[in-house]
Amino acid sequence: MKGPVAKSTVEKDADYYRMDHKHRGLALIFNHEHFDSPHLKSRAGTGADFENLYTTLVNLGFVVKPYHDPEFKVIQNAIDEAAEQDYTDADCFVMAVLTHGEDGILHAKDVPYKPKNLWSKFTADNCLTLAGKPKLFFIQACQGDKLDAGVTIRTQVDGHPSNTYSIPLHADFLMAYSTISGNENT
């Protein structure tokens, strides 16, 4: 038995998503700096990351709803509200989470939670007006306790050594999956 039928403006074999709707879409940012748990340190520098992300999304035409140090119930309510919106005239949806994390866990201000809580309400059967449209989730959080020592890079200008700086070993990666963990393609 098939689920609900969604109406889409994207053809089945389209080479790209339509990005010419009336609105760009909604973007949620959950920015965590301080936590209730004494073993979770404050995230210094997240304010600058938030400001840069917020400005970029606004400049791209998104309606941005920021949440600072939200408790899990606030995150759930924001997600429920966003998933219930009508995206018929929107290009896409974006969610960004800046927080502490562990393998398979993210931290709200008050409790840990599983990342699937972020996207499960936005599946095509739950949020019909986003069916066939990009749903982008950016999670800035550690996934373990190993320190990435990085590598030092020396820049050269006109053949002469200039500045040096370090980058993480896994910099410049974009991880994309055709399905989320625990699922397979049909």
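Being a predicted model, the structure only gives us computed values, none of them experimental.

Novice: So, the overall build of the chain: which residues are in play, and what are the values?
Specialist: When its secondary structure is counted, the chain shows three helices and nine strands. Helices and strands in the chain line up, N terminus first, as β-α-β-α-β-β-β-β-α-β-β-β. In the chain, buried positions account for 28% of the 186 residues. Across the chain, contacts joining residues at least 24 apart in sequence account for 69% of those joining residues at least 6 apart.

Novice: Could you give an account of the sheet that holds strand S4 (residues 101–102), naming the residues involved and the relevant values?
Specialist: Spatially, S4-S5-S6 is the arrangement adopted by the three strands of the open sheet, whose pairing is antiparallel. Every other strand in the sheet has two partners, leaving S4 and strand S6 (112–113) as the edge strands with one partner each.

Novice: Run through helix H2 (residues 72–83), naming residues and quoting values.
Specialist: Helix length check: H2 (twelve residues) gives 16 Å between terminal C-alpha atoms against 16 Å at 1.5 Å per residue, within 8%. Among the structural elements, strand S1 (23–31), strand S2 (63–68), strand S3 (90–98), S6 and helix H3 (116–119) are those in contact with the buried residues of H2.

Novice: Describe unusual backbone geometry, with residues and values.
Specialist: A positive phi angle is found at Asp69, which is not glycine, with a value near 50°. Secondary-structure assignment places Asp69 in the loop between S2 and H2.

Novice: Tell me about the side chain of Asp69, and please be specific about residues and values.
Specialist: No salt bridge is formed by the buried Asp69, whose closest oppositely charged neighbour, Lys109, lies at an N-O distance of 5.0 Å. Once residues lying within four places of it in the same chain are set aside, the contact partners of Asp69 are Asn31, His32, Glu33, His34 and Lys109.

Novice: Please give an account of the sheet that holds strand S7 (residues 135–140) that cites residues and values.
Specialist: Pairing between the strands of a sheet is mediated by backbone hydrogen bonds and can be parallel or antiparallel. A sheet is described by the order of its strands in space; here four strands give the open sequence S2-S1-S3-S7, paired in parallel fashion. One side of each edge strand has no neighbouring strand; the edge strands of this open sheet are S2 and S7. Taking the axes of each pair of neighbouring strands and ignoring which way they run, one obtains an average angle of 10° across the sheet. As judged from the eight bridges shared by S1 and S3, these two strands associate in the parallel manner. By the bridge assignment, Leu28 is partnered in S3 with Met95. Strand contacts of helix H1 (residues 46–59): S1, S2, S3 and S7, with the helix running at about 175° to S1, the strand carrying the most contacts. Of the strands in this sheet, S1, S2 and S3 are in contact with H2, which crosses S1 at around 170°.

Novice: Could you give an account of the pattern of salt bridges, with specific residues and numbers?
Specialist: A full pass over the atoms with the stated rule returns five salt bridges. For the salt bridge of Arg18 with Asp20, the shortest nitrogen-to-oxygen distance reads 2.8 Å. The class of Arg18 is partly exposed, set by a relative accessible area of 29%. Ionic pairing is found between Asp91 and Arg24, a salt bridge with its closest N-O pair at 2.7 Å. Of the two residues, Asp91 is situated in strand S3 and Arg24 in strand S1; the sequence distance between them amounts to 67 residues. Note on Arg24: relative accessible area 26%, which makes it partly exposed.

Novice: Please give an account of the nonpolar core that cites residues and values.
Specialist: Phe30, Tyr87, Phe93, Met95 and Phe122 are the most contacted members of the largest nonpolar core, which has 22 residues in total. Sorting the residues of this core by element identifies S1, H2 and S3 as the ones contributing at least two each. Ranked by residue count, the leading element in this core is H2, at six residues. With sequence-adjacent residues up to four places away left out, Phe122 is seen in contact with Ile79, Ala82, Ala83, Tyr87, Phe93, Met95, Cys127, Leu130, Lys135 and Phe137. In terms of nonpolar packing, the next biggest core, distinct from the first, is built from ten residues, Ala27, Phe62, Ala96 and Leu98 among them.

Reading guide: rules and limits
- Throughout this document, residue positions are counted from 1 along each chain, in the order its sequence is written.
- The predicted nature of this model means local features are confined to residues of pLDDT at least 70 and side-chain atom pairs, given and counted, to a pLDDT of 80 or more, with totals for whole chains, interfaces and linings taken over all residues.
- Calculated side-chain values reflect all of the structure's heavy atoms, with hydrogen atoms and water omitted.
- Comment: elements are numbered from the N terminus, with helices defined as DSSP H or I runs of at least four residues and strands as E runs of at least two.
- Each residue is assigned to one of three classes by its accessible area relative to the maximum for its type, calculated with a 1.4 Å probe on protein chains only: buried under 20%, partly exposed between the two thresholds, exposed over 50%.
- Only heavy atoms matter for contacts: two residues are in contact if any of them lie within 4.5 Å across the pair.
- Pairing between two strands is assigned when DSSP locates at least 2 bridges connecting them.
- Expected helix span is taken as 1.5 Å per residue step, with the number of steps being one fewer than the number of residues.
- Positive residues here are Lys and Arg, negative ones are Asp and Glu, while His and the chain termini are left out of the count.
- Throughout this description, the term salt bridge denotes a Lys or Arg side-chain nitrogen within 4 Å of a carboxyl oxygen of Asp or Glu.
- For helices, the fitted line uses only the C-alpha atoms of the stretch in contact; every axis is such a line through C-alpha atoms, and the angle between N-to-C directions lies from 0 to 180 degrees.
- Throughout, nonpolar core names a set of buried Ala, Val, Leu, Ile, Met, Phe, Trp, Tyr and Cys residues whose side chains join them through atoms within 4.5 Å.

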